[in-house]
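As a plain string of letters, each chain reads:
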Amino acid sequence: MNWKSPLQWKVSLFFTLLMAIALWAVWQGKGPQGEFPGALFLIVLLAFLAAAWIGVGRILIQPLEEMVGVVRKFAEGLFNWRARLGTRRDELGRLGREINRMAQVVGEKIDQLAKNLAETEALLGGMEEGVLILDLNGRIKKMNGAMGTILAHAFPSNVGKHYLEVFRDPELNDLIQATLRDKKGHRRSLSPLGQPGKTFQVQSSSVQYPENGGQGVIVVFHDVTDLKHLERVRQDFVANVSHELRTPLTAIKGYVEALRDGGLQDPVQADQFFQVIQRHSERMDKIVSDLLLLSEMESPDRGLQKESLNLPEVIQTAVEAVGSMAEGKRQKIQFQAAEGLIPIRADSQKIHQVMINLLHNAISYTPEEGVIKVEAAPVPDGVEVSVTDNGIGISPGDLARIFERFYRVDKGRSRELGGTGLGLSIVKHIVEAHGGYVRVESKPGKGSRFTFFLPR
């Protein structure tokens with residue numbers, strides 16, 4: 001028994017007092033007048049007090065203490081505790097069962113909230129987009145890990161600070177202030193300070209918390225730098241294609257009009273005009289063919305006809321195919337295949353195209369009587385093929401862009417040589433489609449060396 005229980009003392013004394021009153025009434029009604037059995041009366045009262053104390057403790061105090069202990073465990077977050085009241089059917093039993101049912105319901109809700117919170121944290125942590133959550137006063141409530149990448153001065157320790165203490169970026173601060181002021185979302189394209197060359201699509205939203213009527217702001221940063229770059233590439237591509245096709249079309253149109261205006265009357269002149277028209281037509285056909293090949297290699301379902309490849313044989317075939325072009329400039333092409341070349345699986349036609357483009361490029365930019373060396377050698381996990389010339393070379397400023405479509409180091413000379421500006425881009429796409437890579441080393445006036453790797 002709990003001797004310190006105020007309730008148990010109060011209830012026991014209350015019932016003892018009632019018993020004393022009852023005994024006194026009985027004695028006054030039946031006993032001899034004037035006589036009072038004090039010892040017997042005291043013994044009866046003490047016995048009743050002890051019985052009341054024990055009965056109250058078992059019937060009332062013990063169940064209440066059991067439920068108090070369980071509620072304390074609930075306060076500690078242990079909702080798996082239950083009040084053990086046996087099969088009691090009275091009000092205390094009902095109270096205990098309701099407490100147990102409440103614990104089960106609250107525990108299930110807390111487990112679900114914990115699960116949802118874990119999923120939300122995992123979602124925020126796995127997002128590439130930066131997420132920033134502010135309260136209505138502009139204080140930071142939460143941010144995910146991506147924010148640290150987007151804004152280098154954003155750290156988890158900044159939670160609780162006002163955003164103006166953390167983000168000293170005029171454009172971003174203006175967006176947040178507009179959202180707090182208007183209580184509605186805004187969208188802007190921003191380039192935050194400390195992120196040169198980066199572009200983010202930033203979407204802000206006003207959020208309402210139903211549980212307390214509070215409000216806040218969620219700001220999401222989506223990196224669109226690559227999309228912007230692709231958009232510029234697309235625009236440049238369309239402009240370049242239009243320009244490349246307009247030049248031969250203009251020439252063809254001009255010579256056709258000249259033929260219609262009397263050029264057919266002079267057979268020699270007409271033949272010259274037809275040759276020019278044919279040359280420009282072939283150039284247009286080459287541009288279209290190269291564009292179709294590029295489109296094929298960029299397609300996700302590009303079909304490479306891979307087979308066991310005799311690489312030296314494919315290279316030798318390409319060297320022979322450009323032989324007449326090299327002879328026209330009295331150039332020498334030297335091919336050497338190292339011993340120990342491992343077999344690879346590749347599309348022979350596509351690799352042949354790679355060699356043709358690299359050799360054509362070397363011949364075009366190497367002066368007469370120059371030397372072009374082709375080498376194939378084994379390397380870890382594959383083979384490397386290099387094409388080296390002693391031509392005009394490439395300036396450092398152009399090296400980073402020579403694999404772009406329609407990019408030319410010497411635009412005028414390239415067109416005179418019949419180039420489309422797509423050859424090296426095709427090389428890059430074919431090699432990468434095989435899981436390899438291509439690189440270039442060059443010094444102006446010293447020549448260039450193009451090397452591509454094909455995996456085993």
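Shown above is the structure to which this text applies.
If you're wondering where the values come from, they're calculated on a predicted model, not measured in any experiment.

(A) Structural detail: the overall build of the protein chain. Helix and strand counts for the protein chain stand at 14 helices and twelve strands. Taking all 456 residues of the protein chain together, the buried fraction comes to 36%. Here the contacts in the protein chain between residues at least 6 apart in sequence split such that 59% fall between residues at least 24 apart. Just so you have it, the protein chain exposes about 27200 Å², and 56% of that area is on carbon and sulfur atoms.

(B) Focus on the side chain of Asp 389. Mapping Asp 389 onto the fold places it in strand E10 (residues 382-389). Using a relative accessible area of 8% as the deciding quantity, one classes Asp 389 as buried. What Asp 389 contacts, discounting residues up to four positions off in sequence, is Ala 362, Thr 366, Val 371, Ile 372, Lys 446, Gly 447 and Ser 448.

(C) How the structure looks around the packing of helix H11 (residues 348-364) against helix H14 (residues 423-433). Look at H11 against H14: their axes get within 9 Å of each other, and the N-to-C directions meet at 145 degrees. In this structure, H11 crosses over H14, and the sense of that crossing is left-handed. Contacts from Lys 350, Gln 353, Val 354, Asn 357, Leu 358 and Asn 361 in H11 reach Gly 423, Leu 424, Ile 426, Val 427, Ile 430 and Val 431 in H14. Of the residues assigned to the contact of H11 with H14, the class counts are seven nonpolar, four polar and one charged.

(D) Here's a closer look at helix H6 (residues 170-182). Look at H6: 18 Å from first C-alpha to last across 13 residues, which is about the 18 Å you get at 1.5 Å a residue. For H6, the full list of buried residues reads Leu 172, Asn 173, Leu 175, Ile 176, Ala 178, Thr 179 and Leu 180.

(E) Region of interest: the pattern of salt bridges. A full pass over the atoms with the stated rule returns eight salt bridges. We note a salt bridge from Arg 439 to Glu 384, for which the minimum N-O separation is 3.3 Å. One end of the pair, Arg 439, is in strand E11 (residues 437-443); the other, Glu 384, is in strand E10, with 55 residues separating them in the sequence. Overlapping salt bridges bring together Arg 330, Glu 368 and Glu 369 as one network.

What counts as what
Residues numbered from 1 in each chain as written. Predicted model: local features only at pLDDT ≥ 70, side-chain atom pairs only at ≥ 80, totals over all residues. Heavy atoms only, no water. Helix = DSSP H or I, 4+ residues; strand = E, 2+ residues; numbered from the N terminus. Buried < 20%, exposed > 50% of the residue type's maximum accessible area, 1.4 Å probe, protein only. Contact = heavy atoms within 4.5 Å. Areas by Shrake-Rupley, 256 points an atom, 1.4 Å probe, with all protein chains shown as cover. Axes fitted to C-alpha atoms, helices over the stretch in contact; angles between N-to-C directions. Left-handed = near helix turned anticlockwise from the far one by under 90°. Nonpolar A, V, L, I, M, F, W, Y, C, P; charged D, E, K, R; others polar. Expected span 1.5 Å × (residues − 1). Salt bridge = Lys/Arg side-chain N within 4 Å of Asp/Glu carboxyl O.

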